[in-house]
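Coordinate inspection notes
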Amino acid sequence: MNKVLILFAHPRFEKSKVNRALLDAVRGIEGVTCNDLYEEYPDFNVDIEREQALLADHSIIVWHFPFYTYSAPALLKQWMDVVLEYGWAHGRGHNALRGKTVFVTLTAGGS
C-alpha cells in the first residue's frame, strides 16, 4: 500500500472553509499522514531531519496550500529551501525523492 504524506501549509487555516473540508475528508484514512506545517513550526524553525524522514517514509507526497500572494505561503517556501536541500534531494548522486509521486493541491479563495 502506498503511504501518502500531505504537507499542508495555510497561514490562516482558521478562516478557510475549503481547506478544512479537504483535510477533514482525508483524516483518519489508513496510510495518510497530514503534516500541518504552520501548526508544527509556528516559529519557522523547520526540523529538517524529521521532514526528510517523513518524505523518505512515504511514496506519494502532496503539497497542499492556498494560492497566496501569487505563490505558496512563506513557511512552505522556507520548508522547500531547507528540506529539499542540495546534497539530499538533488545534486550529483543525491536523489532522495526519485521514484516518488508528487502532487500539488492548490486552493484559491475569496468572496
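Described below are features of the structure shown in this document. (Residues numbered from 1 in each chain as written. Predicted model: local features only at pLDDT ≥ 70, side-chain atom pairs only at ≥ 80, totals over all residues. Heavy atoms only, no water.)

1. Focus: the overall build of the protein
Condition: A helix here means a DSSP run of H or I that spans at least four residues, while a strand means a run of E at least two residues long, and both kinds are numbered starting from the N terminus. Radius of gyration means the value over C-alpha atoms here, while the globule rule gives 2.2 Å times the residue count to the 0.38 power. Only protein chains enter the accessibility calculation, which uses a 1.4 Å probe. A residue is then buried if its area is under 20% of the maximum for its type, exposed if over 50%, and partly exposed in between. Contact definition: two residues touch when any of their heavy atoms are within 4.5 Å. Here the Shrake-Rupley method, with its probe set to 1.4 Å, supplies the accessible areas, and only the displayed protein chains count as covering residues.
Secondary structure summary: the protein contains four helices and four strands in total. Its C-alpha radius of gyration of 14 Å places the protein within 12% of the 13 Å reference for a compact globule of 111 residues. The dimensions of the protein, computed from C-alpha atoms along their principal axes, are 45 × 30 × 20 Å. In the protein, which comprises 111 residues, the proportion classed as buried is 36%. Pairs at least 24 apart in sequence give 73% of the contacts found in the protein among residues at least 6 apart. A total of about 6900 Å² of accessible surface is found on the protein, and carbon and sulfur atoms cover 52% of it.

2. Side note on the nonpolar core
Counted only if it meets this: The nonpolar core is taken to be a set of buried Ala, Val, Leu, Ile, Met, Phe, Trp, Tyr and Cys residues, with the residues joined through side-chain atoms within 4.5 Å.
Ranked by size, the top nonpolar core spans 21 residues in total, and within it L7, L37, L55, W63, L76, W79 and L84 carry the most contacts. A per-element tally of this core places helix α4 (residues 74-83) first, with four residues. Once residues lying within four places of it in the same chain are set aside, the contact partners of L7 are N35, L37, E51, L55, I61, V62, W63, H64 and W79. V4, I6, F13 and I60 belong to the second largest nonpolar core, which has seven residues in total.

3. Description of the environment of V104
Summarising the element assignment, V104 is placed in strand β4 (residues 101-107). Given a relative accessible area of 51%, V104 falls into the exposed group. Residues V104 and F65 lie 39 residues apart in sequence; the distance between their C-alpha atoms is 8.0 Å. For V104, the contacting residues outside a window of four places in its chain are W63 and F65.

4. Comments concerning the sheet that holds strand β1 (residues 4-8)
Threshold: At least two bridges found by DSSP between two strands are what make those strands a pair. For every element, the axis is a line fit to its C-alpha atoms; helices are fit only across the contacting stretch, and the angle between N-to-C directions ranges from 0 to 180 degrees.
Spatially, four strands are ordered β2-β1-β3-β4 in an open sheet, and the strand pairing comes out parallel. Strands with a single pairing partner mark the edges of an open sheet, and in this sheet they are β2 (32-36) and β4. Ignoring strand direction, the axes of neighbouring strands in this sheet form an average angle of 20°. Looking at chain direction, strand β3 (residues 60-66) and β4 are connected through seven bridges and run parallel.

5. Some words on the side chain of E51
With respect to the secondary-structure elements, E51 resides in helix α3 (residues 48-57). On the basis of relative accessible area, E51 is assigned to the buried category, the value being 0%. Those residues within four positions of E51 in sequence are excluded, and the remaining contacts are L7, N35, L37, Y41, V46, W79 and V83.

6. Comments concerning the packing of aromatic side chains
Applicable threshold: Note on aromatic contacts: the rings of Phe and Tyr and the six-membered ring of Trp form a pair at centre separations within 6.5 Å, being stacked when their planes are under 30 degrees apart, edge-to-face when over 60 apart, and tilted otherwise.
Scanning the model with the defined rule gives three aromatic pairs in all. Centroid distance W63 to W79: 6.2 Å. Interplanar angle 75°. Geometry classified as edge-to-face. Within this pair, whereas W63 is found in strand β3, its partner W79 is found in helix α4, the two being separated by 16 residues in sequence. Given the relative accessible area of 11%, W63 is considered buried. Consider the rings of F67 and Y70, whose centres lie 6.0 Å apart with planes at 85°: the pair is edge-to-face. A residue is classified by how much of its surface remains accessible, and Y70, at 74% relative accessible area, is exposed.

None of this, on its own, says anything about what the molecule does.
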